[in-house]
Structures are given as structure tokens and as C-alpha cells.
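A closer look at the structure
Each chain, written out:
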Amino acid sequence: MERVVLKESAYNIKKGKILSIKQMTENEKLFEIALEGGESLGHQPGQFVMVSLFGVGEAPISLSSSPVTGGSFELCIRAAGKVTNALHRLEAGAEVGIRGPFGKGFPVRALEGNDLLIIACGLGLAPLRSLIRYIFDNRGDFGKVHILFGCRSPGNILFIDELKDWNKRTDISFECTVDQVDCARPDWIRYVGLITTLIPRVQIEPERTFAVVVGPPVVYKYVIKELLSRNIPERQIFLSLERHMKCGLGKCGHCQIQGIYCCQDGPVFNYGEIKHLKEAF
Ligand SMILES: Cc1cc2nc3c(=O)[nH]c(=O)nc-3n(C[C@H](O)[C@H](O)[C@H](O)COP(=O)(O)OP(=O)(O)OC[C@H]3O[C@@H](n4cnc5c(N)ncnc54)[C@H](O)[C@@H]3O)c2cc1C
Ligand code: FES
């Protein structure tokens, strides 16, 4: 497994200014951030940054915006604990610390020229939005693109206005499902059922299809089973693993799975490479 070579600057905390904050759901907000001096972050879709607040701590967060945008970048953050709750209390204009970008992102070059089946569950849409927007920015470089999104209920749908636009696009196919209907947002529902129920609806040519899946660990087991049953080769399935991280750069060992460092060897992995790691799933 090829490991990312870190630059000396990976240890530096850069100053970031929050340009805007958008409430997306009850628990998730979208932060647009610019680095001091207009420096470009230079990330790849699927990479993450360590976001810090002085006196509070640091947390790994995936890049949600396309690298093509430059200038500023976006993070979709769920209020889950100490750092993320403190971030949710900030307002536009506040400063945060940024280290990174870190990790191996989605293998964009390998995906080029192929058909793609992108499967996002819940907050898994945050890193995949970066890839999806990159694909839209370079649409001619990819074959057929199918996007499936699933989440718990309509009130948990992230990036709802963008999803409505994806639904109207004729150069991709897009489907969305919720596990259950609630009263929070009854206005836009496609299907009700688990994400696995959408996979058989997509017409694919398995030998030229690459699947990219991001979601909570429980989802991988069932989604991968479904993808394999559609004859997509193991080596053409990519997924992103989430582990507790402290340093983000392969030094502390917090993110280790049987000798593999999620922060540096991942977070994006090829299923064929890690299927033998019981702890991974
Ligand atoms: C590569 C990567 C990308 C990520 N991308 C995103 C993203 O785009 N958006 C996003 O919102 N989140 C993302 N996360 C998850 C986020 O980093 C975590 O939720 C992080 O813990 C939040 O930090 P916190 O200080 O707010 O929460 P914490 O205070 O760390 O608590 C978060 C949750 O973890 C539990 N917890 C804390 N410590 C432990 C422990 N040692 N063992 C077990 N459980 C524990 C807490 O009870 C709580 O439920 C990502 C994580 C990784 C590794
Ligand atoms: S987070 Fe420290 S080694 Fe991965």
C-alpha cells in the first residue's frame, strides 16, 4: 500500500477565516473557510483537514468542496462532541486553525474514462460531494455517472437544494431514499427504504464500473455484498474509513487498523486491499 509523503508544512497550523456558515439540518452546518493570505488549500477529493479551536481541541473533517473552486473550501460539520459543538457556536468572521490536507483521497485518475456508481449514506455525502463536484467540473473525463444517496429521514437530507439540481441533470442519474418518513421535511422524498434497495435499479456494465461508497461502517457490509452480486470487481470498489484520529499524519497510532494507518494509507481504500482486515468493518 503506497503511503502519502508528508511535507514539513504538514505540522503547521494555518489560520483560516470562516466566510459563511449555513445551517443544513438540525445537526449539520456548512462552513466556508479561506486561509489567511488567500493561500489555496490544494486538496484532492476524499482528503481531510484537522480543524482546531484554540483551547478546545482538534477534529478531522473531510473537504466537501471541489478542488477546482480554489480560494476557499467547504466543510460540512455535524455537532457530535467537544470541537464540533464549539465550531457550531461560531459565527462568520471567526478564526479556526487548519492543518492539512491529509490522507489519500479518491483515485480520480483511475476513475477517469470509466462509469461510476457513487453511493453516499448520511454524512458520507460530505466527502463525496467534493468528488461529485469535481466530476461535474470535468464531466467529459468520466463515463456514465450514477449517484445514490440514502439517509435516515427527510429532515437529515444534506445539500437538499443541490440534490434537487442533480435530480434534474440529464448527464447523470440520481436517486435518493430515506429509511423512514418524518414530518420535518415532507416536501422532497424519492424512495423510502434502505440504500441497498436502490442498487438493483441502476443499469451498469460491471467491467467498466467503479463504485465509490462512503457511509457509516454498518452500511459497508450490505452495500459491498450488493455490489459484488452485481459483478463489480473488488478492485473497482473504493470506500472511506473513519477512525478516531489525533495527529492526522501517521505518528500517534490512534487510527491504526491492523498495521494500516487510516490517516495516511487512507481514509480512502480499495476494498480488494482491505477486505481481509476484520477490524476495518
Ligand atoms: C477522515 C475523517 C473525516 C471526517 N469527516 C467528517 C466530516 O466531514 N464531518 C463531520 O461532521 N465529521 C467528520 N468526521 C468525524 C469527526 O472527526 C468526529 O465526529 C470527531 O470526533 C468530532 O470531534 P469532537 O471533538 O467534536 O467530538 P468528540 O468529543 O471527539 O466526540 C465525538 C463522538 O465520539 C465519541 N467519542 C469520543 N472519544 C471517543 C473514544 N475514544 N472512543 C469512542 N468514542 C468516542 C463521543 O462520545 C461522541 O459521540 C471525520 C472523521 C474522520 C476520521
Ligand atoms: S491519527 Fe495519528 S497515526 Fe493516524
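What you are looking at is a predicted structure, and each value in this text was computed from that prediction instead of being measured.

A short note on the site of ligand 1
Every one of the 19 residues lining ligand 1 counts as a neighbour, but Pro60, Cys76, Arg78, Val83 and Thr84 are closest to it. For ligand 1, an oxygen atom lies 2.6 Å from a polar atom in the backbone of proline 60. Between ligand 1 and histidine 244 there is a distance of 3.4 Å, counted from a nitrogen atom to a side-chain nitrogen or oxygen. The set of elements that each furnish at least two residues to the shell around ligand 1 consists of β4 (57–62), β5 (72–78) and α1 (82–88). No other element matches the four residues that β4 contributes to the shell around ligand 1. Across the shell around ligand 1, the residue classes break down as 11 nonpolar, four polar and four charged. There are two domains that each give the shell around ligand 1 at least three residues, and those are domain 1 (8–102) and domain 2 (108–280).

Quick word on the UniProt feature "domain: FAD-binding FR-type" (unreviewed entry) in the chain
Taking the numbering used here, the UniProt-annotated feature "domain: FAD-binding FR-type" (unreviewed entry) corresponds to residues 11–108. Helix makes up 8% of residues 11–108 and strand makes up 46%, while its end C-alpha atoms are separated by 26 Å.

Some details on helix α3 (residues 125–137)
Look at α3: 17 Å from first C-alpha to last across 13 residues, which is about the 18 Å you get at 1.5 Å a residue. Most of α3 is tucked away: 11 of the 13 residues are buried. Of the positions making up α3, those classed as buried are Leu125, Ala126, Pro127, Leu128, Arg129, Ser130, Leu131, Ile132, Tyr134, Ile135 and Phe136.

Quick notes on the side chain of serine 66
Locating serine 66 in the fold gives a position in the loop between β4 and β5. At 2.9 Å, the side chain of serine 66 and the side chain of aspartate 137 are in polar contact. When near neighbours in sequence (up to four residues on either side) are disregarded, serine 66 contacts His43, Ser130, Arg133, Tyr134 and Asp137.

Some thoughts on the domain arrangement of the chain
As assigned here, the chain comprises domain 1 (8–102) and domain 2 (108–280). Averaged C-alpha coordinates put domain 1 and domain 2 at centres separated by 22 Å. Listed as interface residues are 26 residues of domain 1 and, on the opposing side, 27 residues of domain 2. Interface area for domain 1 against domain 2, summed over the two sides, is near 2,000 Å², with a carbon-plus-sulfur share of 61%. Our count for the contact surface shared by domain 1 and domain 2 stands at one salt bridge. For the pair domain 1 and domain 2, the interface holds seven residue pairs in polar contact (both at pLDDT 80 or more). Here the residues of the side of domain 1 that touches domain 2 sort into 13 nonpolar, seven polar and six charged.

Points about the UniProt feature "binding site: [2Fe-2S] cluster" (unreviewed entry) in the chain
Mapped onto this numbering, the UniProt entry annotates "binding site: [2Fe-2S] cluster" (unreviewed entry) at Cys247, Cys252, Cys255 and Cys263. Spanning 17 residues, the named residues nonetheless gather at one spot, since no C-alpha pair among them exceeds 10.3 Å. By the secondary structure assignment, cysteine 252 is in the loop between β12 (237–240) and β13 (256–257). Note on placement: cysteine 263 falls in helix α6 (residues 262–265). The buried category is assigned to cysteine 263, whose relative accessible area is 2%.

Looking at the sheet that holds strand β9 (residues 173–178)
Taken together, seven strands build an open sheet; the order of strands is β10-β9-β8-β7-β11-β12-β15 and the sheet is mixed. The open sheet has two free edges, formed respectively by β10 (191–192) and β15 (268–270), since each of these has just one partner strand. Direction of pairing for β9 relative to β10: parallel, over a ladder of two bridges. Counted as the bridge partner of threonine 177 is tyrosine 191 from β10. Strands β7 (115–121), β11 (209–214) and β12 of the sheet are contacted by helix α5 (residues 217–229), whose axis makes an angle of about 170° with β12.

The rules we used
Residues numbered from 1 in each chain as written. Chains lettered and ligands numbered in written order. Predicted model: local features only at pLDDT ≥ 70, side-chain atom pairs only at ≥ 80, totals over all residues. Heavy atoms only, no water. Near = heavy atom within 4 Å. Polar contact = N/O pair within 3.5 Å; in protein donor to acceptor, adjacent residues only side chain to side chain. Helix = DSSP H or I, 4+ residues; strand = E, 2+ residues; numbered from the N terminus. Nonpolar A, V, L, I, M, F, W, Y, C, P; charged D, E, K, R; others polar. Domains from an automatic or database assignment. UniProt positions renumbered as here; feature names shortened; annotations may be inferred. Expected span 1.5 Å × (residues − 1). Buried < 20%, exposed > 50% of the residue type's maximum accessible area, 1.4 Å probe, protein only. Contact = heavy atoms within 4.5 Å. Buried area = accessible area lost by both parts, 1.4 Å probe. Salt bridge = Lys/Arg side-chain N within 4 Å of Asp/Glu carboxyl O. Pairing = 2+ DSSP bridges. Axes fitted to C-alpha atoms, helices over the stretch in contact; angles between N-to-C directions.

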